[in-house]
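A look at the structure
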2 protein chains.
Amino acid sequence: MLSEKTVERLSEYRRHLSDLQARGVTHVFSNLLAAETRVTAAQVRRDMMNLGLSGSTATGYSVSDLLEHLAGLLDHPHSTRVALIGTGNLGRALLAFFRARPGKAVIAMAFDSDPEKSNRVCCGCRVYPMDSLEARIREDEIRTAILCVPEQDANAVAQRLVNAGVTGILNFAPTRLKVGDQVYVDTMDISSVIEKVGYYAVRGTRAPGRK
Amino acid sequence: MLSEKTVERLSEYRRHLSDLQARGVTHVFSNLLAAETRVTAAQVRRDMMNLGLSGSTATGYSVSDLLEHLAGLLDHPHSTRVALIGTGNLGRALLAFFRARPGKAVIAMAFDSDPEKSNRVCCGCRVYPMDSLEARIREDEIRTAILCVPEQDANAVAQRLVNAGVTGILNFAPTRLKVGDQVYVDTMDISSVIEKVGYYAVRGTRAPGRK
DNA sequence: TCCAGCTTGTGACATAATTCACAACGTAAG
DNA sequence: CTTACGTTGTGAATTATGTCACAAGCTGGA
Ligand SMILES: NC(=O)c1ccc[n+]([C@@H]2O[C@H](COP(=O)([O-])OP(=O)(O)OC[C@H]3O[C@@H](n4cnc5c(N)ncnc54)[C@H](O)[C@@H]3O)[C@@H](O)[C@H]2O)c1
Ligand SMILES: NC(=O)c1ccc[n+]([C@@H]2O[C@H](COP(=O)([O-])OP(=O)(O)OC[C@H]3O[C@@H](n4cnc5c(N)ncnc54)[C@H](O)[C@@H]3O)[C@@H](O)[C@H]2O)c1
């Protein structure tokens, strides 16, 4: 089982590797990949080791090999199709973003409790009313969801998602979701992050322990 | 100098402390604060220690004391007024969010290169054209910025921000910003995070090392 | 008064994450 | 063929982060 930090780096490596492949590059050294991201060459090699991949001292790592292994880890029928709950300001921005973006994951369906917003298409994605949530998520075997509902509804909706079989939630509401241990939750708390950025900004420095 | 993880926790403590204060609670024990967040009681006490705060064994910590010290750390004229660059889908969602939210930080000004979008008011915030960026940021002594421009423009805009005196950037573009060591950057890479969530979702587990 | 039952503060410990440093490797040029 | 150079793979060291466990503190009730 890979750690969270590792998985984040792998995703970042993949983006750069795709770029490199598009530019016709077939092999890459750890120091090049490191320069593109924020990590050291040793870290890249350590990650490759954890993945069980190896390169050659003369040519480095094979770009297509790496991409293939990363796809095996990161792309999965249950993770590349996600549901989005709450098509408000943020939800719509995300729908537009995922639609435009060339990445693997797509928003397969969206839900909203507001009858004005459901039963229509928004940014190329069908928006359904909340009463069909469990049935549709079960039918499509969706396991991953993005939660963009107001704070006070977040826990109740999360509970419904989990009951419908969702095991990974990207939560934008500034609340700690109370779900079982088998469900992975990442809460992106933008208010908190902006306070953190402000903290280091006024001190005119990077955080301790940053390269 | 506090670590990034610590500052994030402090911000989270503050949210709950404000709630408690609004409900008339004057003192709080470490285990209560811990239950509201995702940390242990020992972690809360360690954070308080790092802050130089102390409580009493009988009544716990004084809510107003804590809030006062946290405000001293997190609120600063240079960090509570931020600039937002790029009023596209995401930028507008953030403008609406910060406007509605009761928090300390506010978006004081926004910029966009599109003449259709600048020289108007969006979500209660003036949007200016890019050519006035340096002057306005300097004049208001803005140090913190939120970057919501397309990936290919992110580095150029970041450079301008830094030249204008910005030392903290919350970056939403999936790019490593190349800025000096004295500038703090936090990149929220949503694509990367959704891949991480998917990774753990298909494996039906929390990440290693999570409570 | 004095004790029971909670708390805090913190040294010591445990775990996670990252970097160092170097032997072994592979190629290209001479 | 052989040397020079820059690379990989990885054990060990280092740093960062979180937890344990317990002495000492405080309060309310007997
Ligand atoms: N807008 C931002 O930039 C931003 C930034 C950070 C966090 N957030 C958080 O994201 C969440 C959504 O933000 P927003 O700005 O899009 O808010 P919003 O009010 O614009 O949208 C909320 C949407 O959720 C729908 N909704 C409400 N209750 C629901 C329910 N029980 N089930 C399903 N749908 C429901 C509403 O109809 C609406 O469409 C909030 O929790 C907010 O704190 C937003
Ligand atoms: N929309 C999302 O949910 C989302 C999610 C994650 C990341 N992002 C990232 O955030 C950024 C913005 O996303 P978006 O969806 O709002 O895009 P968008 O295209 O809707 O908006 C971009 C805005 O930036 C303006 N702009 C373009 N070039 C500029 C420049 N050089 N200087 C100033 N303004 C400029 C445009 O006029 C437009 O208003 C992108 O980098 C995107 O990858 C967006």
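Further remarks concern the overall build of chain A. A tally of helices and strands in chain A yields 9 helices and 9 strands. Dimensions along the principal axes, computed over C-alpha positions, put chain A at roughly 60 × 45 × 35 Å. Looking at chain A alone, contacts between residues at least 24 apart form 56% of all its contacts between residues at least 6 apart. By element, 48% of the accessible surface of chain A is carried by carbon and sulfur atoms, the whole surface being about 9500 Å². Distance from the positive charge centre (27 side chains) to the negative charge centre (23 side chains) of chain A: 5 Å.

Each of the two copies of the chain can be brought onto the other by a rotation about an axis and a shift along it. For the match of chain A to chain B, the screw axis carries a shift of 0.0 Å, the RMSD comes to 0.1 Å, and the turn is 180°. Considering both components of the superposition, the chain copies are consistent with a two-fold axis. Looking at chain A, 99% of its interface residues are interface residues in chain B too, so the copies touch through the same face.

Inspection of the region around ligand 1 gives 23 residues, with A:N89, A:L90, A:D112, A:K117 and A:V149 positioned closest. One chain alone does not account for the residues near ligand 1; they come from chains A and B. Within the backbone of A:S113, one N or O atom sits 3.3 Å away from a nitrogen atom of ligand 1. The contact in question runs from an oxygen atom of ligand 1 to an N or O atom on the side chain of A:K117, over 2.8 Å. Protein chains shield 83% of the accessible area of ligand 1, which is 820 Å² for the free molecule. Those elements that place two or more of their residues in the shell around ligand 1 are α6 (89-100) and α8 (151-163) of chain A together with α6 (89-100) of chain B.

Residues and elements named next belong to chain B. Tracing the backbone shows R206 in the segment after α9 (190-202). Assessed through its relative accessible area of 17%, R206 is described here as buried. In this structure the C-alpha to C-alpha distance between R206 and L66, which are 140 residues apart in sequence, comes to 32 Å.

For the rest of this paragraph, the subject is the sheet that holds strand β3 (residues 81-85) of chain A. Overall, mixed pairing links the 7 strands, which are arranged β5-β6-β4-β3-β7-β8-β9 (chain A) in an open sheet. Whereas interior strands pair on both sides, the edge strands pair on one side only; in this sheet they are β5 (120-122) and β9 (184-187) of chain A. The sheet shows a mean angle of 25° between the axes of neighbouring strands, taken without regard to direction. With 4 bridges connecting them, strand β7 (residues 144-147) of chain A and strand β8 (residues 168-171) of chain A associate as parallel partners. Its bridge partner being in β8(A), A:T144 is matched across the sheet by A:G168. Across the sheet, α9(B) touches β3, β7, β8 and β9 of chain A, and the angle it forms with β8(A) is around 155°.

Turning next to the domain arrangement of chain A. Note: interface size is frequently given as the accessible area lost on complex formation between the parts. Partitioning chain A into structural domains gives domain 1 (4-74) and domain 2 (81-192). Taking the mean C-alpha position of each, domain 1 of chain A and domain 2 of chain A sit 31 Å from one another.

Let us now look at the site of ligand 2. Around ligand 2 sit 23 residues in total, of which B:N89, B:L90, B:D112, B:K117 and B:V149 are the nearest. Nearby residues place ligand 2 at the junction of chains A and B. At 2.9 Å from an oxygen atom of ligand 2 is found a main-chain nitrogen or oxygen belonging to B:L90. Between B:V149 and ligand 2, the recorded distance is 2.7 Å, taken from a backbone N or O atom to an oxygen atom. Contact with the protein chains removes 83% of the 830 Å² of surface that ligand 2 exposes when unbound. Where the shell around ligand 2 is concerned, the elements lending two or more residues are α6 of chain A together with α6 and α8 (151-163) of chain B. A breakdown of the residues in the shell around ligand 2 according to their chemical character gives 13 nonpolar, 5 polar and 5 charged.

Moving on: the interface of chain A and chain B. The interface is formed by 70 residues belonging to chain A together with 70 residues belonging to chain B. Counting across the interface, chain A meets chain B through 11 salt bridges. Linking B:R14 and A:E195 is a salt bridge whose minimum nitrogen-to-oxygen distance equals 2.7 Å. Taken together, chain A and chain B are joined by 32 residue pairs in polar contact (both at pLDDT 80 or more). Mapped onto the side of chain A that touches chain B, the elements with two or more residues apiece are α1 (4-22), α4 (63-74), α5 (77-80), α6, β7, β8, β9 and α9 (190-202) of chain A. The dominant element in the side of chain A that touches chain B, judged by the number of residues it contributes, is α9(A), at 13 residues. When grouped by side-chain class, the residues that make up the side of chain A that touches chain B number 33 nonpolar, 17 polar and 20 charged.

What counts, and where the lines are drawn
- Residues numbered from 1 in each chain as written.
- Chains lettered and ligands numbered in written order.
- Predicted model: local features only at pLDDT ≥ 70, side-chain atom pairs only at ≥ 80, totals over all residues.
- Heavy atoms only, no water.
- Helix = DSSP H or I, 4+ residues; strand = E, 2+ residues; numbered from the N terminus.
- Contact = heavy atoms within 4.5 Å.
- Areas by Shrake-Rupley, 256 points an atom, 1.4 Å probe, with all protein chains shown as cover.
- Lys, Arg positive; Asp, Glu negative; His and termini not counted.
- Charge placed at Lys NZ, Arg CZ, Asp CG, Glu CD.
- Least-squares fit on C-alpha atoms with pLDDT ≥ 70 in both.
- Near = heavy atom within 4 Å.
- Polar contact = N/O pair within 3.5 Å; in protein donor to acceptor, adjacent residues only side chain to side chain.
- Buried < 20%, exposed > 50% of the residue type's maximum accessible area, 1.4 Å probe, protein only.
- Pairing = 2+ DSSP bridges.
- Axes fitted to C-alpha atoms, helices over the stretch in contact; angles between N-to-C directions.
- Domains from an automatic or database assignment.
- Nonpolar A, V, L, I, M, F, W, Y, C, P; charged D, E, K, R; others polar.
- Salt bridge = Lys/Arg side-chain N within 4 Å of Asp/Glu carboxyl O.

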